[in-house]
Amino acid sequence: MPTYLDYSASAPIDLRVLERMIDIYKNSYGNADSRTHIFGTSAKEIVEKSRATLADIISVDKTDIIFTSGTTESNNMAILGMLSYAKETGRNHFITTAIEHKSVLEPMKFLQKNGCEVTFIKPDESGRVSADDILSSVTDKTALVSVMHVNNETGIIQPVEEIGEYLSKTDTFFHIDATQSFGKLNDKIRKLKYDMLSFTGHKIFGPQGIGALVLKRKNFKRPPIKPLLLGGPQERGYRPGTTPVALVAGLAYAAEICDHEHDLWWQKCAEIKKQFMNAI
């Protein structure tokens with residue numbers, strides 16, 4: 001009988017989350033942007049309550065959270081959405097690491113093909129990238145630095161604290177891919193300084209197909225990203241399309257469970273690690 005261990009790729013859904021989603025699919029099937037009837041109003045209330053829950057968990061304003069289909073879309077929005085800004089201002093230099101997820105590396109390569117300069121910082125033998133290497137590459141032409149919080153293959157925690165602290169005093173925007181840290185290192189995330197942050201639901205026992213991009217204000221303005229899709233005013237115009245109410249609620253509930261049961265999970269993981277090390 002096979003044993004599934006690839007939770008960093010996608011974890012099974014928590015049955016409590018699934019039950020809540022099924023209830024919403026059955027009873028709250030209205031379009032959250034249809035305000036002319038109670039079905040739409042009810043759906044909108046679920047979406048906004050979920051948005052507030054997520055915002056509280058990572059200590060941001062609820063209006064900063066933009067729902068997407070997952071981290072891949074969020075990362076693309078954060079990076080490709082800066083292309084117009086780069087062309088208009090001449091700040092067309094981007095910095096990332098050589099070990100990012102493809103949803104960061106491929107958009108960066110696209111920027112290169114469209115006249116931008118991209119610096120890819122390599123890690124040391126431990127798999128960690130030097131904050132000094134990244135920050136020494138920043139110039140007055142640098143529009144964005146994008147670094148993952150926790151590597152999806154090695155688990156190495158990258159120096160996003162130091163990077164964010166430095167960049168917060170500059171005009172360069174900072175994006176963090178928090179796919180692997182959201183729900184696990186929330187205490188750290190709450191203290192980070194950044195402009196954009198991506199996370200998803202299916203790494204934390206939530207549903208696939210739902211994630212978010214956090215767009216914080218800097219000097220009272222959000223990052224100057226342009227939407228990748230056109231067709232509606234949903235999500236403050238950043239991400240048009242009918243909001244998947246049950247998926248949004250599932251993401252928020254999974255995140256809530258993670259936050260509440262965090263200490264128990266850490267203890268369980270420590271026990272499993274000890275058993276594994278003894279076994280080998």
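Up top you'll find the structure we're talking about.
A quick note: this is a predicted structure, and the numbers were derived from the prediction, not measured. (Residues numbered from 1 in each chain as written. Predicted model: local features only at pLDDT ≥ 70, side-chain atom pairs only at ≥ 80, totals over all residues. Heavy atoms only, no water.)

(A) Region of interest: the packing of helix H2 (residues 38-58) against helix H9 (residues 245-260). Interaxial distance between H2 and H9 falls to 9 Å at its minimum, and their mutual angle equals 30°. Classified by the interaxial angle, the pair formed by H2 and H9 is roughly parallel. Handedness of the crossing formed by H2 with H9: left-handed. Of the residues in H9, those in contact with Ala43, Ile46, Val47, Ser50, Thr53, Leu54 and Ile57 of H2 are Val245, Val248, Ala249, Leu251, Ala252, Ala255, Glu256 and Asp259. Split into classes, the residues belonging to the contact of H2 with H9 amount to eleven nonpolar, two polar and two charged. (Axes fitted to C-alpha atoms, helices over the stretch in contact; angles between N-to-C directions. Helix = DSSP H or I, 4+ residues; strand = E, 2+ residues; numbered from the N terminus. Parallel < 35°, antiparallel > 145°, perpendicular 65-115°, else oblique. Left-handed = near helix turned anticlockwise from the far one by under 90°. Contact = heavy atoms within 4.5 Å. Nonpolar A, V, L, I, M, F, W, Y, C, P; charged D, E, K, R; others polar.)

(B) Structural detail: the sheet that holds strand E4 (residues 142-148). Read from one edge of the open sheet, seven strands run E1-E7-E6-E5-E4-E2-E3, paired in mixed fashion. The two strands at the open ends of the sheet, each matched to only one other strand, are strand E1 (65-68) and strand E3 (117-121). Across this sheet, the average inter-strand angle for adjacent strands is 20°, counted without regard to direction. Sheet topology places E1 next to strand E7 (residues 211-215); four bridges connect them, and they run antiparallel. Among the inter-strand pairings, Phe67 is bridged to a residue of E7, identified as Ala212. (Pairing = 2+ DSSP bridges.)

(C) Spotlight on the state of the cysteines. What the rule picks out here adds up to zero disulfides. Residue Cys258 stays outside any disulfide, its sulfur separated by 11 Å from that of Cys269, the closest cysteine. (Disulfide = S-S within 2.5 Å.)

(D) Layout of the packing of aromatic side chains. One pass over the structure, following the stated rule, counts six aromatic pairs. With a centroid separation of 6.0 Å and 20° between ring planes, the pair formed by Tyr29 and Phe39 is classed as stacked. Taken together, the residues Tyr29 in the loop between helix H1 (15-27) and H2 and Phe39 in helix H2 connect sequence positions ten residues apart. Relative to Phe199, the ring of Phe182 lies with its centre 4.0 Å away and its plane at 25°, an arrangement referred to as stacked. Here the residue Phe182 occupies a position in the loop between strand E5 (173-177) and helix H8 (186-191), and Phe199 occupies one in strand E6 (residues 196-200), the gap between them amounting to 17 residues. (Phe/Tyr/Trp six-rings, centres within 6.5 Å; stacked < 30°, edge-to-face > 60°.)

(E) Up close: the layout of surface pockets. Roughly 1300 Å³ of internal volume is contained in the largest pocket. Around the largest pocket, the lining comprises 30 residues; the ones closest to its centre are Tyr7, Ser8, Lys184, Trp265 and Cys269. Here the element with the most residues in the lining of the largest pocket is helix H10 (residues 262-279); it accounts for ten residues. A class-by-class count of the residues in the lining of the largest pocket yields 17 nonpolar, nine polar and four charged. Volume-wise, the second largest pocket comes out at about 230 Å³. Lining the second largest pocket are 17 residues, with Thr71, His101, Thr179, Gln180 and Lys203 positioned closest to its centre. (1 Å grid on protein atoms, 1.4 Å probe; cavity = no way out; pocket = protein on both sides within 12 Å on 5 of 7 lines; lining within 4 Å. Points joined across faces, edges and corners; volume = space filled by probe spheres on them.)

(F) Inspection of the pattern of salt bridges at higher detail. Considering all chains together, one arrives at 16 salt bridges under this definition. Among the salt bridges present, the one from Asp33 reaches Arg35, with a minimum N-O distance of 3.5 Å. When its relative accessible area of 52% is taken as the criterion, Arg35 is described as exposed. The partner of Lys226 in a salt bridge is Glu88, and the shortest N-O contact between them spans 4.0 Å. With Lys226 in the loop between E7 and H9 and Glu88 in helix H4 (residues 83-89), the pair connects residues that are 138 residues apart, well separated along the chain. Residue class for Glu88 comes out exposed when judged on its relative accessible area of 61%. Sharing partners across several salt bridges, the network here consists of Lys44, Glu48, Arg51 and Glu235. (Salt bridge = Lys/Arg side-chain N within 4 Å of Asp/Glu carboxyl O. Buried < 20%, exposed > 50% of the residue type's maximum accessible area, 1.4 Å probe, protein only.)

(G) A negative patch on the surface, seen in detail. A surface patch of negative charge is lined by Asp124, Glu125, Asp132, Asp133, Glu161 and Glu162. Elements represented by at least two residues in the negative patch include exactly helix H6 (131-135) and helix H7 (160-167). When you line up the elements, Glu125 lands in the loop between E3 and H6. Residue Glu125 is classed as exposed on the basis of its relative accessible area, which comes to 81%. (Patch = residues over 30% accessible without salt bridge, like charges linked within 9 Å, V, L, I, M, F, W, Y side chains within 5 Å. Areas by Shrake-Rupley, 256 points an atom, 1.4 Å probe, with all protein chains shown as cover. Lys, Arg positive; Asp, Glu negative; His and termini not counted. Charge placed at Lys NZ, Arg CZ, Asp CG, Glu CD.)

(H) Structural context of the environment of Pro227. If you trace the backbone, Pro227 turns up in the loop between E7 and H9. Along the primary structure Pro227 and Tyr238 are separated by eleven residues, whereas in three dimensions their C-alpha atoms are 4.8 Å apart. Leaving out residues up to four positions away in the same chain, Pro227 has contacts with Gly237 and Tyr238.

Read these as geometric descriptors, not functional statements.
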